[in-house]
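Chains, contacts and geometry: an overview
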Amino acid sequence: MGRHCNHLPQLKPSFTFRVLWMVQAFLDLAGSQEIYAPHSIRVEGEVTLGGLFPVHARGVPGMPCGDIKKENGIHRLEAMMYALDQINSDEELLPNVTLGARVLDTCSRDTYALEQSLTFVQALIQKDTSDVRCTNGEPPVFVKPEKVVGVIGASASSVSIMVANILRLFQIPQISYASTAPELSDDRRYDFFSRVVPPDSFQAQAMVDIVKAMGWNYVSTVASEGSYGEKGVDAFMQLSRDAGGICIAQSLKIPHDHKPSDFDKIIRLLLDTRYARAVILFASDEDIRGILNASKRAEQVGHFLWIGSDSWGAKNSPIHQLEDAAVGAVTILPKRATISGFDAYFTSRTLENNRRNVWFAEYWEENFNCKLMSSSKKDESSRKCTGQERIGIDSKYEQEGKVQFVIDAVYAMAHALHNMQRDLCPEYSGICPEMDLAGGKKLLKYIRSVSFNGSAGTSVTFNRNGDAPGRYDLFQYRWNNVTGPGYRVIGQWMETLQLNIEDMQWPRGEQDIPSSVCSLPCKTGERKKVVKGMPCCWHCEPCDGYQYQYDEFTCKLCSYNMRPNANRTACQPIPIIKLEWHSPWAVIPVFLAMLGIIATIFVMATFIRHNDTPIVRASGRELSYVLLTGIFLCYIITFLMIAKPDVGVCSFRRIFLGLGMCISYAALLTKTNRIYRIFEQGKKSVTAPRLISPTSQLAITSSLISVQLLGVFVWFGVDPPNIIIDYDEQKTINPNLARGVLKCDITDLQIICSLGYSILLMVTCTVYAIKTRGVPESFNEAKPIGFTMYTTCIVWLAFIPIFFGTAQSAEKLYIQTTTLTISMNLSASVALGMLYMPKVYVIIFHPELNVQKRKRSFKAVVTAATMSSRLSHKASDRPNGEAKTELCENVDPNSPAAKKKYVNYNDLVI
């Protein structure tokens, strides 16, 4: 490449100002290239490649450069030298072409690197020397600087970004071996930039996958100020948002000019969100050391779960003497392999055979802790270097992680030049003029299309943005009592994550994966109430009442006939209950009913057996049998109310619920009405009232009963009997106690309406009983009927408040059924006991009183009753309040007739 184009490439208008500024800077500086790079490495060759390496660390304020960096600087620089030697000795790659180099130190500072990189563009700037003359009047002869066709570097992303902005103006392709900032993937801004390492967007995706695989959803991020750290964290945050399920607790930044107190502050801030134990680190070696040191000072060793980017990788320098604080850290490093040829090359370097490296002497002093010259930075106490020291023997040596990528970057440039030379100079040995004039844009096209197996055996390719494919090894720093501390491979990421979680080791001896979550998972049956703006933080609220957990964020009500299951994940049917025969609520009414039925049958059998005896005949046989039938039905209804409801049972309930009482009170009403009419008529005349014959009495009773039956049949037509399951009756606050009640479709109001007619008959009968209370008991049943009705009224007056007062009770089914049946049993028992038990007693135990009397006319009976009634009003004038009629006084007290208490109106002669 002996000639080159003296014109600047066509520039976009937006870059005109920068070009003019740079040209002016060059004109202001002295002509010698040494001004820009007083310390640099020159390797002569027909084609020159530039190199940018962080040979020194960032200097203290006022000094551009600091201490030498043995691994990141010298190892990587020597890797380029090694690659050049290998290529130049390869007869198949770039035959008859020697690659040279111009290698510069960036001092880990972007502004300093920018100044140094101006060296690479000197040859492309045309200088106007028309007015320059030597003392003898002759024009001066300028030493033309070598033309740099491509640049290998830089290391830090911030440096690569700064340099890329200059190199693209002069169309110089650039291949980085370590810069991973996602920003550099922008092919519109950094169109001449390529890299053999994957961008941080891939690395960030790998970190997101690791976090999700660990079950973490609440993490913090810490980044070094600058493009690498900030853009890496931005990529992680964006990908975590896209993936969902990961929240950023805090995102902190380490300033460029940091102090130890800055790291202490970061640790304090991280501890403000203690549950976010996982910390994503995109930081430089020095910043990683500062963070680990601060965690030790805060006595938080083992609390944080570090996830380090490739800047940490598998290097020992960030954790030297801080191993305990780094235990458990998961780090990422682009897939690499140890290059054995480089190990042999580097360990053979000595002061004598490596004079081309101007920084090698400084490295020698640092590596062997000795002093070579008086100008050395080493203090006077350091021992003198002998020059016979050997790397790897007299000092520890381990190949730096990016050596492979430096070699691959140099080989990528060489393969691109080789392909370009083959296409442009097919019949030319070496560099032809066409290749010399081709320019950087043409070379870039060849760089982007290369594909070869790199130094580690993996393919080296570039995508349309100049990025290498994502291939990472995953490491964890462990402490083993047998093998000691060290990094262990725990998986890899090649577009998908492969992680051996079982092989991982955690700080503080934790066996399970430590948690890094904002909120613990909610228990079964609880819903998440997400904190606004923090989808990974929530409060757990139980699904209460009849709610079940529909999904993790929602509770829903079960349908009316369902209740939540034990863990509230679904609904289950509410158990159906009915009044069981063995329930205490049923046992008592059934016992009373059975006694009543037995007593009723006994009375009825006694009456049938003694059907023609005077007492039975005097009682009104026809109405007595009707009344006993009603009493029997009152007892029978107990069994219908307790039986399992079905359509048949519900039909019989409707019929017999009020029928028994209706029959009973219809018969009693007819009796009391007959007595009342007889004695009322007797006060007026001796003529017998109408409708007092047995047939008439049965007709009147039947007509009263028919009204009840008619009402029931209308009820059947309007609302046919049916069974229902009432879930509201026993729907308690606690769903576990909820029950569905199987019952007939009869409301409380309908029950009262069904009994209402019977109650009306009962009240009317009571009124007549009161009106006939003055009739002497020697001649009628008025007083027993009166006592019966008074007692019955008291029973039903007590029933109504109990029945309706328990309408809202959870025990409504039991209380109301028991109350109703007992009330009916008591009503029947009162009538049976007061009206018939005395008669049965006389019939069985005093048959001598159950004899025929002489017949008397209706006039005689009414006259005697009237006289007795009048005399009864003077009871207070008699001793002890006794009242006796004249008829009674004329009767022998010992005669059977005097002891008889009833008058048989059926034997009267009307």
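The coordinates are above.
A brief look at the structure comes next.

Quick notes on the rules
- Residues numbered from 1 in each chain as written.
- Predicted model: local features only at pLDDT ≥ 70, side-chain atom pairs only at ≥ 80, totals over all residues.
- Heavy atoms only, no water.
- Helix = DSSP H or I, 4+ residues; strand = E, 2+ residues; numbered from the N terminus.
- Buried < 20%, exposed > 50% of the residue type's maximum accessible area, 1.4 Å probe, protein only.
- Polar contact = N/O pair within 3.5 Å; in protein donor to acceptor, adjacent residues only side chain to side chain.
- Contact = heavy atoms within 4.5 Å.
- Disulfide = S-S within 2.5 Å.
- Pairing = 2+ DSSP bridges.
- Axes fitted to C-alpha atoms, helices over the stretch in contact; angles between N-to-C directions.
- Phe/Tyr/Trp six-rings, centres within 6.5 Å; stacked < 30°, edge-to-face > 60°.

**Quick look at the side chain of Ser176**
Its place among the elements puts Ser176 in strand β7 (residues 174-176). Overall, Ser176 belongs to the buried group, its relative accessible area being 0%. In this structure the side chain of Ser176 is engaged in a polar contact, spanning 2.7 Å, whose partner is the backbone oxygen of Ala154. Among all residues touching Ser176, those that are not within four sequence positions of it are Gly153, Ala154, Ser160, Phe193, Ser194, Arg195, Val196 and Val197.

**Focus: the state of the cysteines**
Scanning all chains against the criterion turns up nine disulfides. At a sulfur-sulfur separation of 2.2 Å, the disulfide partner of Cys247 is Cys536. One disulfide, between Cys247 and Cys536, carries an S-S torsion of 85° and so falls in the right-handed class. Of this pair, Cys247 sits in strand β10 (residues 247-254) while Cys536 sits in strand β22 (residues 534-542), and the two are 289 residues apart along the sequence. Judged by its relative accessible area of 3%, Cys536 falls in the buried class. Residue pairing for Cys543: its cysteine sulfur links by disulfide to Cys555, the two sulfurs lying 1.8 Å apart.

**With respect to the sheet that holds strand β13 (residues 330-334)**
Spatial strand order, β10-β9-β11-β12-β13-β18-β19-β20: eight strands in an open sheet with mixed pairing. Looking at which strands have only one partner, the edges of the open sheet turn out to be β10 and β20 (497-499). Mean inter-strand twist for the sheet, computed between neighbouring axes without regard to direction, equals 25°. Pairing of β13 with strand β18 (residues 472-480) involves five bridges; the strand directions are antiparallel. In the strand pairing of β18, Val330 is matched with Gln476. Sheet contacts for helix α6 (residues 227-243): β9 (218-224), β10 and β11 (278-282); angle to β9, the most-contacted strand, approximately 160°. Sitting on the sheet, helix α8 (residues 285-297) is in contact with β9, β10 and β12 (305-308), with an inclination near 180° to β12.

**Things to note about the packing of aromatic side chains**
By the definition in use, this model includes 20 aromatic pairs. Centre to centre, the rings of Phe342 and Tyr345 are 6.1 Å apart; their planes meet at 40°, and the pair counts as tilted. Of this pair, Phe342 and Tyr345 both sit in helix α10 (residues 340-347), three residues apart, which is roughly one turn of that helix. Residue Phe342 shares its accessibility class with Tyr345, and that shared class is buried. When the centroid spacing of 5.5 Å and the interplanar angle of 85° are considered together, the rings of Tyr560 and Tyr727 count as edge-to-face. With Tyr560 in the loop between β24 (554-557) and β25 (562-564) and Tyr727 in strand β28 (residues 723-730), this pair connects stretches of sequence that are 167 residues apart. An aromatic cluster is built from Tyr82, Phe342, Tyr345, Phe346, Phe360, Tyr363, Trp364, Phe368 and Tyr397, whose rings are joined through pairwise contacts.

The analysis is restricted to geometry; functional conclusions fall outside its scope.
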